[in-house]
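# Per-entry structural report
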Amino acid sequence: MQNPFSITIGQINPTVGDMDGNIAMMLAVAQQAQQTGADMVVFPELALTGYTPGDLLDDPLFERRRAAAQAKLYETSRQTPDVYWVVGLPIRREGTSGKPFYNGLQVLLNGEVVHTQYKQLLPTYGVFDEQRHFAPGPDTAKILRVRGATIGFLICEDAWNDEAQDYSVNPFLRLADAAPDLVISINASPSSKGKRQVRHQLFSKACARHKLPVLYVAQVGGHDQLVFDGASFAVDAAGTVVFEAKRFEVDSPTLCFDLNSQTFFGEQGQTLQPVPRDGLPVLEFYREQIVLGLRDYARRCGFSKVLVGCSGGIDSALTIALAVEALGPENVIAITMPSVYSSEGSVSDSVALCRNLGVTLHEIPIRDIVSQFSASIENSTVGEAASGLALENLQARVRGTLLMTYSNQYGPLLLTTGNKSELSVGYCTLYGDTNGGLGLIGDLYKTEVFALSWHINKTAGRELIPQSIIEKAPSAELAPDQKDTDSLPPYEVLDEILKVLIEGSLLDAEDLAIAQNTVDALTQTETGRQTLDKVQRLIARSEYKRRQAPPIIRVRARAFGTGRQVPITARQY
């Protein structure tokens, strides 16, 4: 191998706003790079502030901290002499008109800025709203000469428009015209089902088209609803993905790049093999994404323990199992709250579940509390006790109140247990089972909840979630002999309808075909058309509930929350 150029990937887990902590992470990786003899260390998009600071950029106090941190970053880079740092950061614009910042990239050497460029394509779709704070950079290609190599840089979205489908500007094409030896793309790309394959396909096509190798560097970690999966990768000039960093973990591998052959090699000069096309199986992806999302959410918000209302049903069981994996059984507390309508199995299954997982379970019966609430209404108002839907929701709200009281008293983060199917059609009680600080399974359809529960048991090699919970007919148990199918289509049907109505073209081709076939079959009968109309009405009428619900960890292309913006008062049907 001639003229090797060595690069360390700084796949870090930055915290939004913790700029001193983020700089410390970068320094640790840069020192490692120096020890291995690397020429350059590359960090993700907006690594200084974390992605994305959002409206914190409008806060004068944050701006003072940001400016001080930028100066500190420059000074810190002096601690690794002769190692180039590639860092993403907000860069203040000059003048008073227009947006105040660029989403920028700077290359530092010994405390000095040797290269600066600005992101040109600022996404505003899905979970992104970058034009709110950033101005687009100029449509120019800039390259940097580093120890015999010419390197071009791209910032996330700038590399995602090589087929010119979303923007009129194509920064990748403009950069290719400058003919660098290597392209480095820094990213903060939120993870969702199928996203890894999309990244690989997009960059493979672009690299093959322009005959350019690319090093893609990403961040990892959970921020509010979003989870970043890391999985930084390298693509050769033929379009083959030849390296992939760890997924859902901090990682700082070093690669060698041969300038003569424009080929990546391992740190010891070993030849790299093509990365397998298939990544994690879908269910394992869901599991790891949710576990990392909860772990970082709790850590960043200062919670060491979580609390879950344990109904003996599949949703709370899966939530508890995932929480145990994220935080350990000693940090998960469950409370079962049987009512007059609760089946015997709701308590016994809860006991079995928590015993299997090593979780502390408390029992607080709500029969008398509900009766007292109902009697107070009967005696103090119109003389009629709560009944029907009001009584059903009263039970859920009593449970929600007890859980929040426990959370206030002892400090654990309350996790909600609603799934995407229920949230879609409003099959939940506002200020009841929607209470809490975070939802783990709110982007999983009910059929996926069952599938993931089976998967957890299978991979554990034993019954963590009791089979009796997985096999029982879903029920809210708020009325005599109640079943979910009393109010909703079977979940096998409902979920396919919801996929079309909520995610639509964002589904991958296979999922979309299956879901669309289900919907098309329903349109052929009067009963089917009535079912479709009912589901559409329920989705629209439940928007106000979702607006008040806690954030949920996103695992699919479109999740409720920041990625789906629908007016509450809109007429949708």
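Residues numbered from 1 in each chain as written. Predicted model: local features only at pLDDT ≥ 70, side-chain atom pairs only at ≥ 80, totals over all residues. Heavy atoms only, no water.

### Some words on helix α7 (residues 344-357)
Given 3.6 residues per turn, any residue in an α-helix points the same way as the ones three and four places further on. Note the following rule: Per the convention used, a helix needs a DSSP run of H or I reaching at least four residues, while a strand needs a run of E reaching at least two, with both numbered from the N terminus. Here the expected length of a helix is defined as 1.5 Å per residue gap, with one fewer gap than residues. Burial status follows relative accessibility: with a 1.4 Å probe on protein chains alone, a residue under 20% of its type maximum counts as buried, one over 50% as exposed, and anything between as partly exposed.
With 14 residues, α7 should cover 20 Å at 1.5 Å per step; its first-to-last C-alpha distance of 20 Å lies within 8% of that length. Of all the positions in α7, only S346, D349, S350, A352, L353, C354 and L357 are classed as buried. With its phi angle positive at about 75 degrees, G358 sits one or two positions after the end of α7.

### Observations concerning the UniProt feature "domain: CN hydrolase" (unreviewed entry) in the protein
Operational definition: UniProt positions are given in the numbering used here, feature names are shortened, and annotations may be inferred rather than shown by experiment.
UniProt annotation of "domain: CN hydrolase" (unreviewed entry) refers to residues 5-261 when read in the numbering used here. Structurally, residues 5-261 is divided into 22% helix and 30% strand, and its ends, taken at the C-alpha atoms, are 12 Å apart.

### Observations regarding the packing of aromatic side chains
For clarity, the threshold we go by: What counts as a ring pair is set by centres within 6.5 Å for rings of Phe, Tyr and Trp (its six-membered ring), and what kind of pair is set by the plane angle: stacked under 30 degrees, edge-to-face over 60, tilted for all other angles. A positively charged side chain is recorded as over a ring if its NZ (Lys) or CZ (Arg) lies within 6 Å of the ring centre. The angle to the ring normal must also be within 35 degrees.
A complete count under the given rule lists 12 aromatic pairs for this structure. A centroid spacing of 6.0 Å and a plane angle of 45 degrees characterise the contact between F248 and F285, whose relative ring orientation is tilted. With F248 in the loop between β14 (241-244) and β15 (254-258) and F285 in helix α5 (residues 282-301), this residue pair connects regions lying 37 residues apart in the sequence. Accessibility expressed as a relative area gives 4% for F285, which makes it buried. Ring centres of F257 and F264 lie 5.2 Å apart, and the angle between their planes is 55 degrees; on these two criteria the pair is classed as tilted. Across this residue pair, the class does not change: F257 and F264 are buried. Taken together, the ring pairs in this structure connect W160, F203, Y216 and F233 into an aromatic cluster. Across from the ring centre of F560, 5.9 Å away, lies the NZ or CZ of K420, which sits over that ring. One cation-aromatic arrangement involves R546 over F560; the distance from NZ or CZ to the ring centre is 4.6 Å.

### Some remarks on the sheet that holds strand β18 (residues 332-336)
For the record, the criterion: Any two strands with at least two DSSP bridges between them are considered paired. Should any heavy atoms of two residues lie within 4.5 Å, those residues are considered in contact. Whenever a helix is involved, its axis is fitted only over the stretch in contact; in every case the axis is a line through C-alpha atoms, and angles between N-to-C directions fall within 0 to 180 degrees.
Strand order in the open sheet formed by 5 strands is β19-β18-β17-β20-β21, with parallel pairing between adjacent strands. Of all the strands in the sheet, just β19 (360-363) and β21 (438-439) have a single pairing partner and so form its edges. Where strand β17 (residues 306-309) meets β18, 4 bridges bridge the pair, whose relative direction is parallel. Across the sheet, the residue bridging to L307 is I333, located in β18. Here helix α9 (residues 388-410) sits on the sheet in contact with β17, β18, β19 and β20 (413-416), set at roughly 165 degrees to β17.

### Things to note about the nonpolar core
What counts here: To qualify as a nonpolar core, a set must consist of buried Ala, Val, Leu, Ile, Met, Phe, Trp, Tyr and Cys residues joined through side-chain atoms within 4.5 Å. Domain delimitation in this document rests on an assignment produced automatically or drawn from a domain database.
One finds L294, L318, I320, L322, L415, L440 and L444 to be the most contacted residues of the largest nonpolar core, which totals 46 residues. Looking at which element gives the most residues to this core, the answer is helix α6 (residues 314-327), with 10 residues. Inspection of this core shows a minimum of three residues originating in each of domain 1 (5-265) and domain 2 (284-481). If we ignore the near neighbours within four places in the chain, the residues touching L415 are L294, V306, L307, V308, T319, A323, L438 and L440. Membership of the second largest hydrophobic core comes to 34 residues, among which are I12, A33, L46 and A69.

### Quick notes on the UniProt feature "active site" (unreviewed entry) in the protein
Following the UniProt record, the feature "active site" (unreviewed entry) maps to E45, K119 and C156 here. Taken along the chain, the residues just named run across 112 residues; in space they keep tight, none of their C-alpha pairs more than 9.8 Å apart. Within the secondary structure layout, K119 lies in the loop between β5 (112-118) and β6 (134-135). Looking at K119, the relative accessible area reads 1%, which means it is buried. In this structure, K119 is in contact with E45, N103, E130, A135, P136, G137, I155, C156, E157 and D158, ignoring residues within four places of it in sequence. Relative to the helices and strands, C156 resides in the loop between β8 (149-155) and α3 (171-177). Residue classification places C156 among the buried residues on the basis of a relative accessible area of 8%.

### Regarding the environment of G436
The residue G436 is located in the loop between α10 (420-425) and β21 in this model. Sequence spacing of G436 and G400 is 36 residues, and the spatial spacing of their C-alpha atoms is 8.3 Å. If we ignore the near neighbours within four places in the chain, the residues touching G436 are M404, L414, T416 and P550.

### Structural notes on the pattern of salt bridges
A pair can form between side chains of opposite charge whenever their charged atoms are brought close. Cut-off, in case you're wondering: Any carboxyl oxygen of Asp or Glu that lies within 4 Å of a side-chain nitrogen of Lys or Arg is treated as forming a salt bridge with it.
A full pass over the atoms with the stated rule returns 32 salt bridges. In this structure, E526 and R529 form a salt bridge, with 3.0 Å as the shortest nitrogen-oxygen distance. Here E526 pairs with R529, and both are found in helix α15 (residues 526-541), just 3 residues apart, close to one helical turn. A salt bridge links R546 to E543; the nearest nitrogen and oxygen atoms lie 2.7 Å apart. Residue R546 and its partner E543 are located together in helix α16 (residues 543-548), separated by 3 residues, close to a single helical turn. Like R546, the residue E543 is buried in the burial classification. Beyond isolated ion pairs, a larger network of salt bridges with shared partners links K420, D443, E448, E503 and R556.

### With respect to the environment of A149
Assignment of secondary structure puts A149 in strand β8. Residue class for A149 comes out buried when judged on its relative accessible area of 1%. Sequence-distant contacts of A149, defined by excluding residues within four places in its chain, comprise L144, D181 and L259.

### Points about the side chain of Q225
Keep this limit in mind: Any N or O atom pair separated by 3.5 Å or less is treated as a polar contact, with the protein-specific requirement of one donor-capable and one acceptor-capable atom, and with residues adjacent in sequence counted only for side-chain atom pairs.
Structurally, Q225 is set in the loop between β11 (220-223) and β12 (226-229). Using a relative accessible area of 10% as the deciding quantity, one classes Q225 as buried. A distance of 2.7 Å separates a polar side-chain atom of Q225 from the backbone oxygen of F560. Apart from residues no more than four positions distant in its own chain, Q225 is found in contact with P551, I552, I553, R554, F560, G561 and T562.

### Points about the sheet that holds strand β7 (residues 143-146)
Pairing in this open sheet of 6 strands is mixed, and the strands run β7-β8-β9-β10-β13-β14 from one edge to the other. Here the strands that pair on one side only, and so sit at the sheet edges, are β7 and β14. Within the sheet, the average angular offset between the axes of one strand and its neighbour, ignoring direction, is 25 degrees. Pairing of strand β10 (residues 214-218) with strand β13 (residues 233-235) involves 3 bridges; the strand directions are antiparallel. By the bridge assignment, Y216 is partnered in β13 with F233. Contacts from helix α4 (residues 195-210) reach β9 (182-187), β10, β13 and β14, with the element oriented near 30 degrees to β13.

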